[in-house]
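What follows is each chain in one-letter form.
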Amino acid sequence: MKKNFFRKLSIWATAGLFATSLSASTLETEEGYVPSAENQQSREAFQDDKFGIFLHWGIYSMPAQGEWYMNNANIDRKEYAKLASGFYPSRFNAREWVSAIKASGAKYICLTSRHHDGFSMFHTQYSDYNIVDATPFRRDILKELSDECQKQGIALHLYYSHLDWFREDYYPLGRTGRGTGRTQHGEWKDYYQFMNNQLTELLTNYGPIRAIWFDGWWDHDQDPDFDWQLPEQYAMIHRLQPACLIGNNHHQTPFEGEDIQIFERDLPGENKAGLSGQSISQLPLETCETMNGMWGYKITDQNYKSTKELILYLVNAAGKNANLLMNIGPQPNGELPEVAVQRLKEMGEWMQVYGETIYGTRGGIVKPHDWGVTTQKGNRLFVHILNLPDNGLFLPITQKVKQAVEFKDKSKVKFKQDKQGVLLLFDQIPDEVDYVIELTL
Ligand code: GLC
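Cut-off values and rules
Residues numbered from 1 in each chain as written. Predicted model: local features only at pLDDT ≥ 70, side-chain atom pairs only at ≥ 80, totals over all residues. Heavy atoms only, no water. Helix = DSSP H or I, 4+ residues; strand = E, 2+ residues; numbered from the N terminus. Expected span 1.5 Å × (residues − 1). Buried < 20%, exposed > 50% of the residue type's maximum accessible area, 1.4 Å probe, protein only. Arc of directions from axis to C-beta. Contact = heavy atoms within 4.5 Å. Polar contact = N/O pair within 3.5 Å; in protein donor to acceptor, adjacent residues only side chain to side chain. Near = heavy atom within 4 Å. Areas by Shrake-Rupley, 256 points an atom, 1.4 Å probe, with all protein chains shown as cover. 1 Å grid on protein atoms, 1.4 Å probe; cavity = no way out; pocket = protein on both sides within 12 Å on 5 of 7 lines; lining within 4 Å. Points joined across faces, edges and corners; volume = space filled by probe spheres on them. Nonpolar A, V, L, I, M, F, W, Y, C, P; charged D, E, K, R; others polar.

Chemist: Help me out: how do you make sense of helix 7 (residues 141-152) in this one?
Modeler: Working note: α-helix, 3.6 residues per turn, so residues spaced by three or four point in the same direction. Counted at 1.5 Å a residue, the expected span for helix 7 with its 12 residues is 16 Å, and the 16 Å between its end C-alpha atoms agrees. All of the buried residues in helix 7 are Ile141, Leu142, Leu145, Ser146, Glu148 and Cys149. In an axial view of helix 7, the angular spread of the buried residues amounts to 165°, which keeps them on one side of the axis. Of the surrounding secondary structure, the elements contacted by the buried residues of helix 7 are helix 6 (94-102), strand 2 (108-114), strand 3 (155-161) and helix 8 (188-205). Its side-chain oxygen at 3.1 Å from the backbone nitrogen of Leu142, Asp140 defines the N-terminal cap of helix 7. Downstream of helix 7 by one or two residues, Gly153 has phi in the positive range, about 65°.

Right, here's the structure in full:
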């Protein structure tokens, strides 16, 4: 009791000292991060959504070699910046983007508001290097997109790069962007303030932002003394929009103050791309993946995954209790690539039929296996059979199974149950992309 009183007193004292910056941060750093009720609700809604579309769009779409081109080709920052004055995405239409994305069944969009090249795809007061002030297009595409998302009822998330290959106050330099000609250097505290100012704009001028998706932390992973000052930044975000989820693509186990755990190019528990291996936390999970091979538009990359592969990726993610954030790199003219739009449409056709076995579910009681995965909503267990060379499937379920039906047409499926589990029996070897059996427990 007494201890508590003194602790509170010290919180008030700290708060008093920094009266103007009195914020959740004071409380969060002293007491540990406790997500607000709004935040908890938002986490649930996020998990229920299961499927989002990532959009990597910036002036890098013009050279059309992906979003790392400035770094990879060691382009001088002043030369690179000239791209801006030629950027005129004449076919950009937020309504068409959102409609095409909604048609896939995706429930949220994550747009790159500012990528590593440092160019802001929104109207910011804190730098002229932005889509309104530095391009002849002069339209705040983020404003148009956020309005349209609200109109069509789809959540908006924003990617934000912590590192910057353009600004000279991003200093000390990290391990990337060494060839972009930043010869002077400014102060880290100015850069940190700049980021917080921009984040404040993003969380003030564009309606509800369901998540901020950070990236670039790893730029300083070889410098153990470097401090990104994340706790204060995270607290500021939660103060501005308590429901806003914070994710950070640092490839580590989540840090305090984060609300979701992100995996890049691998489902939780896998590590084929070499960016994972971190332990899986209790936070809502999300895996991001590219539809072809690149995040930003690459003109020669036509290596699109098939609709079947994309559906399998989504189902496997859901079975591992994770969301899928599938990426598209819009073209420099403002359109989504035609192949991507086709894939979105076909995924949507599948989701029309099977969405109920994905949305609102969590990973099921039967763990992922070679034959497939399970998802679950209350006492409804959806068995997603993806690869079964047999016409029978044994599931180690000890709970009593009341009924087994084919999800699509509700026809009865034969089964036997004993103490070890349930044996499902099919008339033939399943050959659908995803043969879904619904069990009532
Ligand atoms: C990597 C890349 C970045 C991309 C991100 C998406 O961190 O640096 O270009 O935006 O992955 O997951």
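Chemist: Help me out: how do you make sense of the site of the ligand in this one?
Modeler: Inspection of the region around the ligand gives 13 residues, with His56, Glu67, Trp68, His115 and Glu264 positioned closest. Between the ligand and His116 there is a distance of 3.1 Å, counted from an oxygen atom to a side-chain nitrogen or oxygen. In the model, an oxygen atom of the ligand is placed 3.3 Å from a nitrogen or oxygen of the Asn249 side chain. Across the complex, the protein chains shield 95% of the 300 Å² of accessible surface that the ligand would expose by itself.

Chemist: Sorry, what's going on with empty space enclosed by the protein here?
Modeler: Unfilled space is identified by rolling a water-sized probe across the atoms. Applying the stated criterion to the full structure yields two cavities of 30 Å³ or more. Each pocket or cavity is described by its volume, and for the largest cavity that value is around 50 Å³. Every residue lining the largest cavity is listed: Asn292, Met294, Gly296, Tyr297, Lys298, Tyr304, Asn327, Ile328, Gly329 and Pro337. When grouped by side-chain class, the residues that make up the lining of the largest cavity number five nonpolar, four polar and one charged. By volume, the second largest cavity is sized at about 30 Å³. Forming the boundary of the second largest cavity are Asn248, His250, His251, Gln252, Glu258, Ile260, Gln261, Ile262 and Gln278. Grouping the amino acids of the lining of the second largest cavity by side-chain chemistry returns two nonpolar, six polar and one charged.

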